Protein chains: 2
Amino acid sequence: MSDNFEKLISPLEKEIDDLLPSISVDCVILGYKNQQLKVLLLQWKHSGKWALPGGFVRRNENLDDAAQRVLEQRTGLSKIFLKQFHTFGSLERSTIKQIDAGYKALIDFHKQNKKVYEWINNRFISTGYFALADIRKTHPIPDAFSQKCEWKPITAMPDLILDHNTITEKALDYLGVQLNYLPIGLSLLPQKFTMQDLQKLYEAILGRSLDRSNFQRKMLKLGMLVRKEKLMTGAANKAPYLYSFNRAVYKKLLQEGIGFSY
Amino acid sequence: MSDNFEKLISPLEKEIDDLLPSISVDCVILGYKNQQLKVLLLQWKHSGKWALPGGFVRRNENLDDAAQRVLEQRTGLSKIFLKQFHTFGSLERSTIKQIDAGYKALIDFHKQNKKVYEWINNRFISTGYFALADIRKTHPIPDAFSQKCEWKPITAMPDLILDHNTITEKALDYLGVQLNYLPIGLSLLPQKFTMQDLQKLYEAILGRSLDRSNFQRKMLKLGMLVRKEKLMTGAANKAPYLYSFNRAVYKKLLQEGIGFSY
DNA sequence: TCAAAAGTGTTTCCAATACACCCATGA
DNA sequence: TCATGGGTGTATTGGAAACACTTTTGA
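Each chain has its residues counted from 1, following the order in which its sequence is written. Chains carry letters from A onward and ligands carry numbers from 1 onward, assigned in written order. Per-residue local features are limited, in this predicted model, to residues with pLDDT of at least 70; the limit for side-chain atom pairs, both in listing and counting, is 80 or more; totals at the level of whole chains, interfaces and linings are taken over all residues. Excluded from the side-chain calculation are hydrogens and water; included are all heavy atoms of the structure.

1. Looking at the interface of chain B and chain A
- Contact criterion: two residues are considered in contact whenever any of their non-hydrogen atoms come within 4.5 Å of each other. With 20 residues of chain B at the interface, the matching set in chain A holds 20 residues.
- Summed over both partners, the interface of chain B with chain A buries about 1,800 Å², with 57% contributed by carbon and sulfur atoms.
- A simple way to read buried area is as the amount of 1.4 Å-probe accessible surface that goes missing from two parts once joined, with both sides added. For the chain B face of the interface with chain A, the top three residues by lost area are Gln 84, Leu 91 and Arg 123 of chain B, together amounting to 25%.
- What counts as a salt bridge is simple: a side-chain nitrogen of Lys or Arg found within 4 Å of a carboxyl oxygen of Asp or Glu. Taken together, the links from chain B to chain A amount to 0 salt bridges.
- Pairing of N or O atoms within 3.5 Å defines a polar contact, subject to two protein rules: one partner must be a possible hydrogen donor and the other a possible acceptor, and residues neighboring in sequence count only if both atoms are side-chain atoms. The interface formed by chain B and chain A contains 15 residue pairs in polar contact (both at pLDDT 80 or more).
- Of all the elements in the fold, those that place two or more residues in the side of chain B that touches chain A are β1 (19–33), β4 (54–58), β5 (81–88) and β6 (125–132) of chain B.
- Where helices and strands are cited, they refer to DSSP runs of H or I of at least four residues and of E of at least two residues respectively, numbered from the N terminus. Top contributing element to the side of chain B that touches chain A by residue count: β1 of chain B, with 4 residues.
- Only Asp, Glu, Lys and Arg are considered charged in this grouping, and only Ala, Val, Leu, Ile, Met, Phe, Trp, Tyr, Cys and Pro are considered nonpolar; every other residue, Gly among them, is considered polar. Of the residues in the side of chain B that touches chain A, the class split is 7 nonpolar, 9 polar and 4 charged.

2. Looking at the protein's contact with DNA strand D
- Close contacts around DNA strand D come from 24 residues, with Arg 212, Ser 213 and Tyr 241 of chain A together with Ser 213 and Lys 238 of chain B the closest.
- One of the side-chain nitrogen or oxygen atoms of Ser 213 of chain A is found 2.5 Å away from a base oxygen of DNA strand D.
- The separation between a base oxygen of DNA strand D and a polar main-chain atom of Ala 236 of chain A is 2.9 Å.
- Of all the secondary structure elements, the ones that give two or more residues to the surface near DNA strand D are α9 (212–222) of chain A together with α9 (212–222) of chain B.
- With 5 residues, α9 of chain B is the single largest residue contributor to the surface near DNA strand D.
- Per-class residue counts for the surface near DNA strand D are 6 nonpolar, 9 polar and 9 charged. Note on definitions. A residue lies near a molecule or strand when any single heavy atom of the residue is within 4 Å of it.

3. Examining the pattern of salt bridges
Residue and element names in this part refer to chain A.
- Counted by the stated rule, this structure contains 22 salt bridges over all chains.
- A salt bridge links Glu 15 to Arg 58; its shortest N-O distance comes to 3.9 Å. A residue pair is termed long-range when its members are at least 10 positions apart, and Glu 15 in helix α1 (residues 2–15) and Arg 58 in strand β4 (residues 54–58) qualify at 43 residues.
- Glu 15 gets classed as partly exposed once you look at its relative accessible area, which sits at 29%.
- Each residue is placed in one exposure class: buried if its accessible area under a 1.4 Å probe, protein chains only, is under 20% of its type's maximum, exposed if it is over 50%, and partly exposed if it falls in between. Owing to a relative accessible area of 30%, Arg 58 belongs among the partly exposed residues under this scheme.
- Among the salt bridges present, the one from Asp 100 reaches Lys 49, with a minimum N-O distance of 3.4 Å.

4. Examining unusual backbone geometry
- Even without a glycine there, the phi angle at Ser 22 of chain A is positive, about 75°.
- Tracing the chain through its elements places Ser 22 of chain A in strand β1 (residues 19–33).

5. Considerations on the packing of aromatic side chains
- To pair, rings of Phe, Tyr and Trp, with the six-membered ring standing in for Trp, must have centres within 6.5 Å; the planes then decide the type, stacked if under 30 degrees apart, edge-to-face if over 60, and tilted in the middle. The final tally for this structure, using the stated rule, is 27 aromatic pairs over all chains.
- Their ring planes at 65° and their centres at 6.5 Å tell us that Tyr 241 of chain A and Tyr 243 of chain A sit as a pair that is edge-to-face.
- Take Tyr 241 of chain A: its relative accessible area is 33%, and that puts it in the partly exposed class.
- The exposure class assigned to Tyr 243 of chain A is buried, which follows from its relative accessible area of 2%.
- Following the ring pairs from residue to residue traces out a cluster consisting of Phe 85, Phe 88, Phe 130 and Tyr 174 of chain A.
- The ring of Tyr 241 of chain B carries the charged tip of Lys 230 of chain B above its face, separated from the ring centre by 5.2 Å. Placement of a positive charge over a ring is assigned whenever Lys NZ or Arg CZ falls within 6 Å of the ring centre and within 35 degrees of the normal to the ring plane.

6. Quick look at the side chain of Lys 38 of chain A
Residues and elements named next belong to chain A.
- Mapping Lys 38 onto the fold places it in strand β2 (residues 36–44).
- In this tally, Lys and Arg are treated as positive and Asp and Glu as negative; His is ignored, and so are the chain termini. Here Lys 38 occupies a buried position and makes no salt bridge, while the nearest side chain of opposite charge, Glu 150, is found at 9.4 Å.
- If we ignore the near neighbours within four places in the chain, the residues touching Lys 38 are Ile 29, Leu 30, Gly 31, Lys 33, Ile 135, Trp 151, Lys 152, Pro 153 and Ile 154.

7. Focus on the environment of Ile 141 of chain B
Residue and element names in this part refer to chain B.
- Counting through the fold element by element, Ile 141 comes out in the loop between β6 and β7 (146–153).
- Remark: the alpha-carbon pair of Ile 141 and Ala 66, spanning 75 residues in sequence, is separated by 17 Å.
- With residues near it in sequence (within four places) discarded, Ile 141 still touches Leu 42, Gln 73, Arg 74 and Cys 149.

Shape descriptors only; they carry no functional weight alone.
Rendered as structure tokens:
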């Protein structure tokens, strides 16, 4: 265990002077697989508690770029939809550190190293970023603090450190409200997909079922779907069409907000 | 002039140790009068440049409370709609300080006092807050840095320091997008108002004219307006009804978003 | 009496919804 | 052939938009 910590301390200790104090970023990275929305989470060393991927902001780095860096380092992907959604600045964020089992273990361990100890024990204001990623393309990589990096379904979220559950909830609220302004399908589905795939995705987000016939008509009417050749299904039913997105049209629609009622 | 600066420096110098480094808040406070949307601005001493009301965050203060404090100190009002809308964290925010005429004058003046000089010359990440205030009730008060505090129409915004013009634009975008979730009428109009007042307000925000008949019907259908006795107008036309809001219904509608298309 | 604005009513059109019908496929 | 899901069509409903008509008021 202890050599894990050696690796853990050193990079942070070297970096601290190059970081902005009091500010951090946390990313809620959403994916979709097996008809489930999922969030990319990290499991911290020793305490075993889960956390959102996050990081600090370098003195010579844009806030947005810090989030982008965290995102790339965890997913291995660079061209991903990423947007700031809320900044969390309550005092409780730091006071809870003393009683949060996951965070406390981290703090206690660092008591030896005054510099790092004071740094992580500090009050941080964190800007939350919202990201959409195609799970199939990602290669989840743990950071120096964690032993695992995994996709967890939002219907079965573990207890997260600090206020990370709150941050996640706020991100999901954001998803619901901003539905018509986010590249949901384009970001979460593979290149080719069926109309049912798309509908199931929206149903997962909205938490309710939609009328198949009307969904199809309205989606097609938007003009952002390109119908491909048929799919060989292997299932005991009519083979559905495959679709892909016309990116130009999709992006244009998002500008004004897709006029879609669900 | 110089005694102005004495007053200016001293409060900040004392406060610095009690403030979070690198973080500030800026408030875009909107009001409505004479059929115009207005923003509350401060005119800085010596340089004469205009700026958004802003401030720093105390070590023992919630981020939201810091914004609330700024808002109260400038307007004299406490119960005002206030909401965070975006956090500005680009590097240019600080690099521009050296060439921004308004900010440079401030920096230059403080060269004597190392502590304050380093503080204001630092890189800050600023969280923008959006507020709605009834102009008639406010008592604009300049802060220690400024000589004036005035309402300026958004159609004739002066050049603001740093990225404050950008922040204002983003706030107005936010207003447009969040229209159905913001207590526009309740916050910006006096207790009693005519249907035309309400319509003109929405027209000012949307930047286009609306059909009188349809506006009235849709607004009344929402059930959040209470019709009062007639108004003595003094104009050469039929006297219009006066309305006020049913706050309970209004608040409830805002929860789900007023289902209103304009 | 007249212009201006207020209040109310009417018509048209389109989108949302619910649901019916037939088609294709593999077990 | 039958269950399953896919593709398409239709009737109903309600709201948005455009606009017509009448009413009230002070000049």
